[in-house]
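Here are the chains, one letter per residue:
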Amino acid sequence: MFGYIMVNKGELKFKEYELYQSYYCGLCRKLKEHYGILGQLTLSYDLTFVILLLTALYEPKGRKGSSHCAVHPLRKQVIRVNEFTDYAADMNMLLTYYKCEDDWQDERKWDRLLFGQILRKRIQKKGIAGETKAKKIAEYLRELSIKEKEGNHDLDEMAGLFGKIMAEIVAAREDEWEDELHTLGFFLGKFIYLCDAYEDIEKDEKKGVYNPLSYLKNRQDFEETCGRILTMMAAECSRAFEKLPIIEYTGILRNILYSGIWFRYEKIRKERKGVKDDRSI
């Protein structure tokens, strides 16, 4: 369930995209620093959003630098890091590890099993698995896995479990903004879970794998129903965001919440209708 929280690059100012990319590169650097090259393989744009959101809200002290990397060997890349970059690196590793576990349980993918075992050792060495937040995430994921195996088609309950996972990640501190961050993360998680189900429904159907939307697939109003549900989730997420006293990075964050998170949904929807979509991040 990675790759949904991204920017719509075409609607961002050049400087905004450079800023966004610098936090993405900072996350990549921290993954390597804490977990090695294998940690970098877990890199995704999703946790970059969390870094930007928490940085804009709490305004922590950060560091700015530049560095070459394997992807950009010729030109130094601007890198921005702060305390939330380290936090996001840990959360990124946890989510990737549990995704590997899920892939093994569902589809018996040996490569995911082996990768997951390596990640588990790195996570245990870092000591984050025993933290309260990590334990809660693991508990919600176990419950989600059990209910998926049971074939539960209560969309609100199933999406809500992944919503709770994202709520734990986004609400990084226990303070006056915890409720708004929790709500934002909860509905963003529900959006991601359902959008992932929407994208994978044909593939899951062929493999005989659980999909929470499968019982709706043959309804004439399937597309309209999915669009309506996702719109409600996105609206609640955005409503919570607008309550936060954020001044910096609002252009980037609104770009993600109002446009970027719809990127893959719109791409898949058009492909199902036979319309080619050449957009890319």
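Conventions and cut-offs
Residues numbered from 1 in each chain as written. Predicted model: local features only at pLDDT ≥ 70, side-chain atom pairs only at ≥ 80, totals over all residues. Heavy atoms only, no water. Helix = DSSP H or I, 4+ residues; strand = E, 2+ residues; numbered from the N terminus. Rg over C-alpha atoms; globule rule 2.2 N^0.38 Å. Salt bridge = Lys/Arg side-chain N within 4 Å of Asp/Glu carboxyl O. Buried < 20%, exposed > 50% of the residue type's maximum accessible area, 1.4 Å probe, protein only. Axes fitted to C-alpha atoms, helices over the stretch in contact; angles between N-to-C directions. Parallel < 35°, antiparallel > 145°, perpendicular 65-115°, else oblique. Left-handed = near helix turned anticlockwise from the far one by under 90°. Contact = heavy atoms within 4.5 Å. Nonpolar A, V, L, I, M, F, W, Y, C, P; charged D, E, K, R; others polar. Core = buried A, V, L, I, M, F, W, Y, C linked by side-chain atoms within 4.5 Å. Phe/Tyr/Trp six-rings, centres within 6.5 Å; stacked < 30°, edge-to-face > 60°. Lys NZ or Arg CZ within 6 Å of the ring centre and 35° of its normal. Expected span 1.5 Å × (residues − 1). Arc of directions from axis to C-beta. Pairing = 2+ DSSP bridges.

### Focus: the overall build of the chain
Then, in step 1: Of the regular secondary structure elements, the chain holds 10 helices and 2 strands.
Then, in step 2: Tracing the chain from N to C terminus, the helices and strands come up as α-α-β-β-α-α-α-α-α-α-α-α.
Then, in step 3: Scaling as 2.2 N^0.38, a compact globule of 281 residues should have a C-alpha radius of gyration of about 19 Å, and the chain matches this with 19 Å.
Then, in step 4: Each principal axis of the C-alpha distribution contributes one length, and for the chain these read about 55 × 45 × 40 Å.

### Comments concerning the pattern of salt bridges
Then, in step 1: Per the counting criterion, the structure on display carries 15 salt bridges.
Then, in step 2: Between Glu168 and Lys136 there is a salt bridge; the shortest N-O distance is 3.8 Å. Highlighted residues: Glu168 in helix H6 (residues 155-170) and Lys136 in helix H5 (residues 132-149), separated in sequence by 32 residues.
Then, in step 3: Under the relative-accessibility criterion, Lys136 is labelled partly exposed at 36%.
Then, in step 4: Taken together, the shared-partner salt bridges connect Lys30, Glu33 and Asp86 into one network.

### Topic: the packing of helix H8 (residues 222-242) against helix H9 (residues 250-258)
Then, in step 1: Between H8 and H9, the shortest axis-to-axis distance is 10 Å and the interhelical angle comes to 165°. On the basis of the axis angle, H8 is roughly antiparallel to H9. You can see that H8 and H9 cross each other, and the crossing is left-handed. The segment H8 lies against H9, with Cys237, Ser238, Phe241 and Glu242 engaging Leu253, Arg254, Leu257 and Tyr258.
Then, in step 2: Residue classes in the contact of H8 with H9 are distributed as 5 nonpolar, 1 polar and 2 charged.

### With respect to the nonpolar core
Then, in step 1: Counting 89 residues, the largest nonpolar core has Phe49, Leu53, Ile169 and Leu184 as the members making the most contacts within it.
Then, in step 2: Looking at this core element by element, the count peaks at 12 residues for helix H7 (residues 178-207).
Then, in step 3: Ignoring sequence-local partners within four residues, the contact set of Leu184 consists of Phe49, Leu53, Val170, Cys237, Ala240, Phe241 and Leu244.

### A look at the packing of aromatic side chains
Then, in step 1: Throughout the structure, instances matching the rule amount to 12 aromatic pairs.
Then, in step 2: Measuring from centroid to centroid gives 5.0 Å for Phe191 and Trp262, while their planes differ by 80°, and the two rings are edge-to-face. Remark: Trp262 occurs in the loop between H9 and helix H10 (263-272) and Phe191 occurs in helix H7; sequence separation between them is 71 residues. Here Phe191 and Trp262 have matching classes, each one buried.
Then, in step 3: The lysine or arginine in question, Arg264, covers the ring of Tyr4, its NZ or CZ lying 4.0 Å from the ring centre.
Then, in step 4: If you follow Arg272 out to its NZ or CZ, it ends over the ring of Tyr198, 4.3 Å from the centre.

### Description of unusual backbone geometry
Glycine aside, the phi torsion of most residues is negative, and most peptide linkages are trans.
Then, in step 1: Not every positive phi belongs to a glycine, and Glu59 is a case in point at roughly 50°.
Then, in step 2: Looking at the element boundaries, Glu59 is found in the loop between helix H2 (46-58) and strand S1 (62-67).
Then, in step 3: Given the relative accessible area of 52%, Glu59 is considered exposed.
Then, in step 4: Despite not being glycine, Tyr249 shows a phi value in the positive range, around 60°.
Then, in step 5: Turning to its location among the elements, Tyr249 is positioned in the loop between H8 and H9.

### A few points about helix H4 (residues 110-126)
Then, in step 1: End to end, H4 covers 25 Å across 17 residues, agreeing with the expected 24 Å (1.5 Å per residue, within 8%).
Then, in step 2: Considered for burial, the residues of H4 that qualify are Leu113, Phe115, Gly116, Leu119 and Ile123. Viewed along the axis of H4, the buried residues span an arc of 165°, placing them on a single side of the element. Opposite its buried face, H4 presents the exposed residues Trp110, Leu114, Lys121, Gln124 and Lys125, each directed more than 90 degrees away.
Then, in step 3: Positive phi appears at Gly127, one or two residues downstream of H4, with a value of about 85°.

### Considerations on the packing of H8 against H10
Then, in step 1: Here H8 crosses H10 at 170°, and the two axes come no closer than 13 Å. In terms of orientation, H8 and H10 fall into the roughly antiparallel class. Contact residues: H8 offers Phe222, Glu223, Gly227 and Leu230, while H10 offers Tyr265, Arg269 and Arg272.

### Topic: the pairing of strand S2 (residues 77-82)
Then, in step 1: The buried fraction of S2 is high, at 5 of 6 residues.
Then, in step 2: The pairing of S1 with S2 spans 6 bridges and is classified as antiparallel. Bridge assignment links Ser67 to a residue of S2, and that residue is Gln77.

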